[in-house]
Protein chains: 2
Amino acid sequence: MRLGKFLLIALLPSLGIAQQKKLTDYVNPLIGTAKMGHTFPGATVPFGSVQLSPDTDTIPYDFNGKYTKTVYEYCAGYQYKDKTIVGFSHTHFSGTGHSDLGDILVMPTQGKVQLNPGTADRPQDGYRSPFSHDHEEASPNYYKVKLDKHNILAELTTSTRVGMHRYTFPQSADSHIILDLTAGIYNHNDKNVWTVVRVLNDSTLTGFRQTNGWARTRTVYFAIKTSKAFKNYGAKYYDKEIPYKGFWRKFNQTDNFPDLAAHNMKMHLDFDTKEGEQVLMKVALSPVSMRNALENMETETPDWNFEGVKNAGVQAWEKELGKIKAVMLNEADMVNFYTSVYHASLMPTVYMDVNGEYKGLDYEIHQAKGFTNYTSFSLWDTFRAFHPWMNLVNPSRNADIVSSMMAHYDQSVLGMLPIWSHYANDNWCMSGYHSVSVVADAILKGIYKGDADAALKACISTANARRYEGIGEYIDLGYVPDEASTSSVSNTLEYAYDDWCIAQVAKKLGKADVEAEFTKRSNYWRNLYDEKIGFMRPKDRAGKFRATFDVLDTHGQGFIEGNSWNYSLYVPHDPKGLMEVMGGTKRFEGYLDSLFSMHLPDKYFEQTEDITREGIIGNYVHGNEPSHHVAYLYNITGSPWKTQERVRQIIRHQYNNGADGLGGNDDCGQMSAWYLFTALGFYPVAPGDAHYWLGSPLVKSATVTLENGKSVKVIAKNQGEKNVYVSKVTWNGKEIKDYKLAHADLMAGGELEFVMSRKPKK
Amino acid sequence: MRLGKFLLIALLPSLGIAQQKKLTDYVNPLIGTAKMGHTFPGATVPFGSVQLSPDTDTIPYDFNGKYTKTVYEYCAGYQYKDKTIVGFSHTHFSGTGHSDLGDILVMPTQGKVQLNPGTADRPQDGYRSPFSHDHEEASPNYYKVKLDKHNILAELTTSTRVGMHRYTFPQSADSHIILDLTAGIYNHNDKNVWTVVRVLNDSTLTGFRQTNGWARTRTVYFAIKTSKAFKNYGAKYYDKEIPYKGFWRKFNQTDNFPDLAAHNMKMHLDFDTKEGEQVLMKVALSPVSMRNALENMETETPDWNFEGVKNAGVQAWEKELGKIKAVMLNEADMVNFYTSVYHASLMPTVYMDVNGEYKGLDYEIHQAKGFTNYTSFSLWDTFRAFHPWMNLVNPSRNADIVSSMMAHYDQSVLGMLPIWSHYANDNWCMSGYHSVSVVADAILKGIYKGDADAALKACISTANARRYEGIGEYIDLGYVPDEASTSSVSNTLEYAYDDWCIAQVAKKLGKADVEAEFTKRSNYWRNLYDEKIGFMRPKDRAGKFRATFDVLDTHGQGFIEGNSWNYSLYVPHDPKGLMEVMGGTKRFEGYLDSLFSMHLPDKYFEQTEDITREGIIGNYVHGNEPSHHVAYLYNITGSPWKTQERVRQIIRHQYNNGADGLGGNDDCGQMSAWYLFTALGFYPVAPGDAHYWLGSPLVKSATVTLENGKSVKVIAKNQGEKNVYVSKVTWNGKEIKDYKLAHADLMAGGELEFVMSRKPKK
């Protein structure tokens, strides 16, 4: 890999000029763009609606709705290995394992108008261009690349709702900007439901794109302005049939026709350009209307000041990153740390116009009253560490996220909080109902200022959605039966944890009956523990465990993204209860030891989703989420030193500052949030419990500035690459013996001091 | 035909009880439902958004976007000859020659759930039912039919935005209401763009249907409530592929799943019913949102009072019909007269919610300020007599229609007034830009109270839309060249007339330059008159008339819905100029005489669109519009008696009170408006000229109550079936010698007295 800039940064300290660097200089958006990280390298502000990034491949147009490896690779549109860029689109998931978005793809070109993207093998057949990482630069809110075929330099930056492009063209009477409204990520046949473009004048167009993808239907409205008037423009429809075509043909709809509408449409804007002439373009998005997209543009980017927009975004990033001032062992770690903060500040995204309007789950336009509305909730992933991370460094934003979830609930005809929602749709991906965890953690940490009783009601309603993936039988039988769901065990374990969250909220709000009911449900994990084999195991409606069962296999065994070996540890709310059930301290510690040290045979690894071979340690799969709390469990077996050892091993083994620096999908910031907590020395094992469990910090020191004005300073005395063990830890001078730390204590401000050692404290 | 009720009405006078009848009793909505009339028999209030009517056939689902005879027959969804009813849908065009709408089709059934409609030949294979006209009743705002297969009595009524259904079921544990969201008129493959249904509770659902048909895309939002809770409901998707189906399957989306979305979807609501149990249903529509549809329902039909809703609509009709009190020669004529008023009060339809919101041509939600927004403007037809009729009896409504057109213009990225627009789309059907005529007539008659300068600007902008069907070359060459349009002559003649309208407005507003420019253009009809053959004829760009040319052929000769014989007379704004060009009075009268008396060979008739054999007199085609003014032209040849003779002949020949009572498409009221003016004895030969030309009244007497409180009384002394000639005519006692009547005189109120005679006054 050629991450030239970052090598330079790594060298800078030796040149004695490190102190001039900004935090944004440590962020490398290319980390995670190789293999399974599924991050994107493009430009965005923190949690921006527009995340403007190059797409290096699109799915072949004859793809027939089957979920393939190819689809999977391009969840974020970009793979570091690729040699061509198709274009720049304005919406991207960061780190997901399923795909959608990639809306409003544009590409500057030169020469003959080509509306077909061409293929990676034969870019000359289309508008795509070869490029080289040597001529590519990615940093917070800025992306630059030379498009070799077209001899065009493309630069991208954004405000929250507007992408700004700056294209430096060669001299040409045939310069173009291609607008491919058929392009998109997961672009199966008929993904496009409908598209519209209205050309308002010689430099302004508006439109929308409505799709049927992972979101059942989703409409992205846009407004586009170019800094230079186009001399000509054209469109082509790709519809299979056009009803009453005769009337449509009253106009020549191919050239300079401003009132375009079809299922599938591509456009070109044509320019004369001088050598080195810069043409700028603004693309504003809205979830509501073209009118709002224009208003977003006029409000956020009233002029053509590319540097100004870029710098405003960089300042926003400096502010976001600056909430934690970390000192690491080396510059490479600085890059990892701040890129993790960066990756944990991309999603969810703002889903609301500057005027406060957004489209709800009920397809209606709503006004967000007293909160910013967000979308793209990858909750099965993010409830674990990402949302707790937000509750620490970004609590008012997380409160808005909870408000957004409550709005979703209010608009839900199912009476449910989101499962995995994006763009006013729920795609019902993964297991559990983990909004409940996010809501509970925010209430129990005092972060959500809304109506807690209403929030509890929403949680209960979600937990009682009997028709959803086995919930009814879970309530009736005490577990999700094998027959009801392909992930009956995952669901049972996760429902039980979520139910415990509900019980905690009920307790806080003094609802004893609810607390009792959900405390009872929170124990249902016990019903699927098969003590004969010592693992969680699917059980049928008759109460019989499944006969043929493989504890190493990830597929078809009643789990999702995890095998029984990993998943059997998923009782974050009652690890001591689990330890007891599993045979007590010693057997439990032995189980953990085996997990980390055994060899997972290749045939099982090959079935493991979403991770590289580097994404596992023994049979411990860090690239997927269910085990994210597991390394911390040694704290209750009397061997905290093993937690310290393992978390340091994981952070060193699973994260690096190359393009392949993430061992699995970043999953909307969850992998990065795990890194951040762990680097600071503590982790939220069970969100909803307002305590953190201690591990082994990676920072030398760090200061977290809290929203309440206080700060938390983490100091790791005697920190070093080999000094992974904690010989002593104090909070404000007082020794912590139980390796736990209360969120409330942190909120009061103070110092968390670790004394590191090369030797474990056994 | 079995129009039992109407035979009875016809007999009533002889029983001496005629005086008890209401005007609505004279309306027979079944007139025009056979053959080419393309009217619908269902329930509606005047200009109602919901026009709820039975559909007797749907287009086969494998229809591949080709415009066929079958599509054509079902423009209004209903053909009198048919033996089965597919269901009841909520939107219908009245009298058009192209099709769309038929939204939200519902059908009450009994027995096994069937989601397939079945075929007319084998209704037992689907949900459709045989029916008999013996058990059918149609009257203003009420439709009733017995569904024989299901043994269900269906009754329909409406308010402006709500359809109310009353179904009387037999005893059954298997009673259903089918909701077929894939059904529609002109239902080609993939007509459905997207559909959504949300089941809010056990008796309420909301949703929308977005289509791609004659309107490029069009979304109809709805809300449905049933008077009785459904015990169960279900849905079926018919999509070719469902992306990420795995997640969709987390719910059983077939039974009782409330959050439905797909391209193609059908539903069933299930009930237990007792013998004779009535289940009522309300279906409210909105152009804007489901929320607005619910609000429309709650506002217009807050309860379940079917009779109340029906009676309110009947009262609205009594008021609408009562604007003219006519006394006819016989009861059959009474039916024809009031059914014509009825048919001239169906379209355009209100396109706005009770809260004033509507969706604009720009896809944005607008608030109608100071006017009611209307849609479905069949302008090539309706500018001739329908809008002038509105200016006489319904001027404030026509002012709102002009305001709606101006809103369309303001929202148009083409800078054009509507051509043929419906549901926030322009379908660009037919020739000319006749909004201009409607706007001009409303301004010149003092009816439009908005900004006349802005309206003139909109007219000029439309007339200068160079890219639209030859307008650019028309401006440059003085005619639309043959190469530029398949209807180059029609367009030239109609543009010239429209330009004259613009000149009249410019004159009134004192814009001499505009007046001069458009007066010049209004003479461009002269450029296509070929004096060698005495007909209008296509001319190429080089200025040469087309070599091979057939003056009798309707197709491929440069005209649309008319041959050169008929169309050559289309210079309504300068008939004297035309007469001169055509060789003077005598030759011109000879031309007219030939038109009415020649025989149009079968081979030409067969190519004639939209009309039955009865729709022509000689070669005069009344079933299409271009000749609607022609019979009045004898007034300038010195033979008004021939006008009198011909208009009486046409009114007797082309209109009757059977299901086949219209000789051609009613065309959104144009055919009926011709009848009404002619029956009153005067006709607007050239809208934009605020004068009427006199003919031969059919009424014995009639009183038109004007909006300004004055009234116009028409008296035909000595009226009789054979007394078709006018021996004398006076306005307020003063003899009219030029057979012209000023609109302004009518507005002042008074008496128009014809003295009828069996003998022509030569």
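Treat the numbers as computed from the prediction; the structure is a model and nothing was measured.

A. Geometry of the overall build of chain A. Tallying secondary structure elements over chain A gives 21 helices and 36 strands in all. Expected size for 762 residues packed as a compact globule is a radius of gyration near 27 Å; at 26 Å, chain A falls within 12% of this value. Along the three orthogonal principal directions, the C-alpha set of chain A runs to about 80 × 65 × 50 Å. For chain A, with 762 residues in total, the buried portion stands at 70%.

B. Layout of the interface of chain B and chain A. At the interface, 63 residues of chain B touch 63 residues of chain A. Of the roughly 5,600 Å² buried where chain B meets chain A, counting both sides, 56% is carbon and sulfur surface. By the criterion of area lost to chain A, the three top residues of chain B are Tyr244, Lys250 and Arg467 of chain B, representing 15% of everything that side buries. Scanning the region where chain B abuts chain A turns up 6 salt bridges. Notably, a salt bridge pairs Asp259 of chain B with Arg216 of chain A, separated by 3.0 Å at the nearest N-O pair. There are 27 residue pairs in polar contact (both at pLDDT 80 or more) connecting chain B and chain A. Going through the elements one at a time, β11 (192-201), β12 (204-211), α3 (245-248), β15 (259-262), α4 (290-300) and β21 (365-367) of chain B are the ones with two or more residues in the side of chain B that touches chain A.

C. A look at the nonpolar core. Core analysis: the biggest nonpolar cluster contains 459 residues, and Phe88 and Phe337 of chain A together with Phe88 and Phe337 of chain B have the highest contact counts within it. Composition of this core by domain shows at least three residues from each of domain 1 (4-319) and domain 2 (356-525) of chain A. Excluding residues within four positions of it along the chain, Phe337 of chain A makes contact with Ile324, Ala326, Met328, Tyr675, Leu676, Ala679, Leu680 and Val699 of chain A. In this structure, Met290 and Tyr363 of chain A together with Tyr221 and Tyr363 of chain B belong to the second largest nonpolar core, which totals 16 residues.

D. Inspection of the pairing of strand β7 (residues 142-147) of chain A at higher detail. Residue and element names in this part refer to chain A. Direction of pairing for strand β6 (residues 136-139) relative to β7: antiparallel, over a ladder of 4 bridges. Each residue of the ladder has a partner; that of Glu137, found in β7, is Lys144. Once β6 ends, the chain turns through 2 residues before running back antiparallel as β7, passing Asn141 with a positive phi of about 65°. Pairing between β7 and strand β8 (residues 152-158): 5 bridges, direction antiparallel. Residue pairing in the sheet places Lys146 in a bridge with Leu153 of β8.

E. Layout of helix α19 (residues 640-654) of chain A. Residues and elements named next belong to chain A. In a regular helix each residue adds 1.5 Å, so 15 residues correspond to 21 Å; α19 covers 21 Å between its end C-alpha atoms and thus fits that length. The element α19 is extensively covered by neighbouring structure, given that 11 of its 15 residues are classed as buried. Regarding α19, the residues found buried are Pro640, Trp641, Lys642, Thr643, Gln644, Arg646, Val647, Arg648, Ile650, Ile651 and Gln654.

F. Focus on the relation of the copies chain B and chain A. Least-squares fitting of chain B to chain A yields an RMSD of 0.0 Å, with the superposition described by an axial translation of 0.0 Å and a rotation of 180°. Taken together, these values place the two copies in the relation of a two-fold axis. For chain B, the minimum C-alpha distance to the rotation axis belongs to Val193 of chain B and amounts to 3.0 Å. Here 100% of the interface residues in chain B have copies in chain A that are interface residues too; the copies meet face to matching face.

G. View of the sheet that holds strand β36 (residues 750-757) of chain A. Residues and elements named next belong to chain A. With mixed pairing, the 6 strands of this open sheet are ordered in space as β18-β31-β32-β36-β33-β34. Each edge of the sheet is formed by a strand with only one pairing partner; in this case those strands are β18 (324-327) and β34 (734-735). Sheet topology note: the strand β32 (residues 711-717)/β36 ladder contains 6 bridges and is parallel. Looking at β36, one finds that Ile715 is bridged to Glu753.

H. Highlighting the side chain of Asn336 of chain B. Note that Asn336 of chain B resides in helix α6 (residues 331-343). Setting aside residues no more than four positions away along its own chain, Asn336 of chain B makes contact with Ile31, Tyr655, Asn656, Asn657 and Tyr675 of chain B.

I. Examining the domain arrangement of chain A more closely. Residue and element names in this part refer to chain A. The assigned domain composition of chain A is domain 1 (4-319) and domain 2 (356-525). Inter-centroid distance (C-alpha atoms) of domain 1 to domain 2 is 34 Å. Of the residues lining the interface, 19 residues belong to domain 1; the matching set on domain 2 comes to 18 residues. When the area that domain 1 buries against domain 2 is broken down by residue, the three leading residues are Phe47, Trp214 and Val288, summing to 40%.

J. A look at the packing of helix α13 (residues 488-508) of chain B against helix α14 (residues 512-521) of chain B. Residue and element names in this part refer to chain B. Close contact between α13 and α14 brings their axes to 8 Å; oriented N to C, the two are set at 160°. Taken together, the axis directions place α13 and α14 in an arrangement best described as roughly antiparallel. Two packed elements cross with a definite hand, and for α13 against α14 that hand is left-handed. Together, Ala496, Asp499, Trp500, Ile502, Ala503, Ala506 and Lys507 of α13 and Val514, Glu515, Phe518, Thr519 and Arg521 of α14 make up the contact between the two elements. Of the residues that constitute the contact of α13 with α14, the class distribution is 7 nonpolar, 1 polar and 4 charged.

K. Layout of the confidence of the model for chain A. All names here are of chain A. Residues at a pLDDT of 70 or more form 95% of chain A, whose mean pLDDT is 94. In this model, residues 1-18 is a region of pLDDT below 50 whose contacts with residues beyond four sequence positions or in other chains number 31 contacts. Every residue in residues 61-65 scores below 50 in pLDDT, and together they form 15 contacts with partners more than four places removed in sequence or on other chains. Note on the complex model: pTM 0.95, ipTM 0.94.

L. Representation of the packing of helix α8 (residues 386-393) of chain A against helix α9 (residues 395-411) of chain A. Residue and element names in this part refer to chain A. With their axes 6 Å apart at the nearest point, α8 and α9 run at an angle of 130° to one another. For the element pair α8 / α9, the angle class is oblique. Each of His387, Met390, Asn391, Leu392 and Val393 in α8 lies in contact with α9, whose residues at this interface are Pro395, Arg397, Asn398, Ile401 and Met405.

M. Region of interest: the environment of Leu379 of chain A. Residue and element names in this part refer to chain A. Within the secondary structure, Leu379 sits in helix α7 (residues 379-382). Sequence spacing of Leu379 and Ala742 is 363 residues, and the spatial spacing of their C-alpha atoms is 24 Å. Discounting chain neighbours no more than four positions away, the residues touching Leu379 are His387, Met405, Pro418, Ile419, His434, Ser435 and Val438.

N. Representation of the sheet that holds strand β18 (residues 324-327) of chain B within the structure. Residues and elements named next belong to chain B. The strand order across the open sheet formed by 6 strands is β18-β31-β32-β36-β33-β34, and the pairing between neighbours is mixed. Here the strands that pair on one side only, and so sit at the sheet edges, are β18 and β34 (734-735). Pairing analysis gives 2 bridges linking strand β33 (residues 725-731) to β34, with the strands arranged antiparallel. Along β34, the bridge assignment pairs Thr730 with Glu735.

O. The packing of aromatic side chains, seen in detail. If you walk through the whole model with that rule in mind, you get 90 aromatic pairs over all chains. On the basis of an interplanar angle of 70° and a centroid distance of 5.2 Å, the ring pair of Phe337 of chain A and Tyr338 of chain A is categorised as edge-to-face. Assigned by exposure class, Phe337 of chain A and Tyr338 of chain A land together as buried. Residues Trp389 of chain B and Phe677 of chain B carry aromatic rings whose centres are separated by 5.4 Å and whose planes lie at 85° to one another, so their mutual orientation is edge-to-face. Here Phe677 of chain B lies in helix α20 (residues 670-680) and Trp389 of chain B lies in helix α8 (residues 386-393), a separation of 288 residues in the sequence. In this structure Phe677 of chain B comes out as buried when scored by relative accessible area, which is 0%. Here the aromatic cluster, defined as three or more aromatic residues joined through ring pairs, consists of Tyr26, Phe337, Tyr338, Trp389, Tyr632, Tyr655, Trp674, Tyr675, Phe677, Phe682, Tyr683 and Tyr692 of chain A. Of note, Arg218 of chain B hangs over the ring of Tyr423 of chain B, and the distance from its end group to the ring centre comes to 4.9 Å.

Calculation notes
Residues numbered from 1 in each chain as written. Chains lettered and ligands numbered in written order. Predicted model: local features only at pLDDT ≥ 70, side-chain atom pairs only at ≥ 80, totals over all residues. Heavy atoms only, no water. Helix = DSSP H or I, 4+ residues; strand = E, 2+ residues; numbered from the N terminus. Rg over C-alpha atoms; globule rule 2.2 N^0.38 Å. Buried < 20%, exposed > 50% of the residue type's maximum accessible area, 1.4 Å probe, protein only. Contact = heavy atoms within 4.5 Å. Buried area = accessible area lost by both parts, 1.4 Å probe. Salt bridge = Lys/Arg side-chain N within 4 Å of Asp/Glu carboxyl O. Polar contact = N/O pair within 3.5 Å; in protein donor to acceptor, adjacent residues only side chain to side chain. Core = buried A, V, L, I, M, F, W, Y, C linked by side-chain atoms within 4.5 Å. Domains from an automatic or database assignment. Pairing = 2+ DSSP bridges. Expected span 1.5 Å × (residues − 1). Least-squares fit on C-alpha atoms with pLDDT ≥ 70 in both. Axes fitted to C-alpha atoms, helices over the stretch in contact; angles between N-to-C directions. Parallel < 35°, antiparallel > 145°, perpendicular 65-115°, else oblique. Left-handed = near helix turned anticlockwise from the far one by under 90°. Nonpolar A, V, L, I, M, F, W, Y, C, P; charged D, E, K, R; others polar. pLDDT = per-residue confidence, 0-100. Phe/Tyr/Trp six-rings, centres within 6.5 Å; stacked < 30°, edge-to-face > 60°. Lys NZ or Arg CZ within 6 Å of the ring centre and 35° of its normal.

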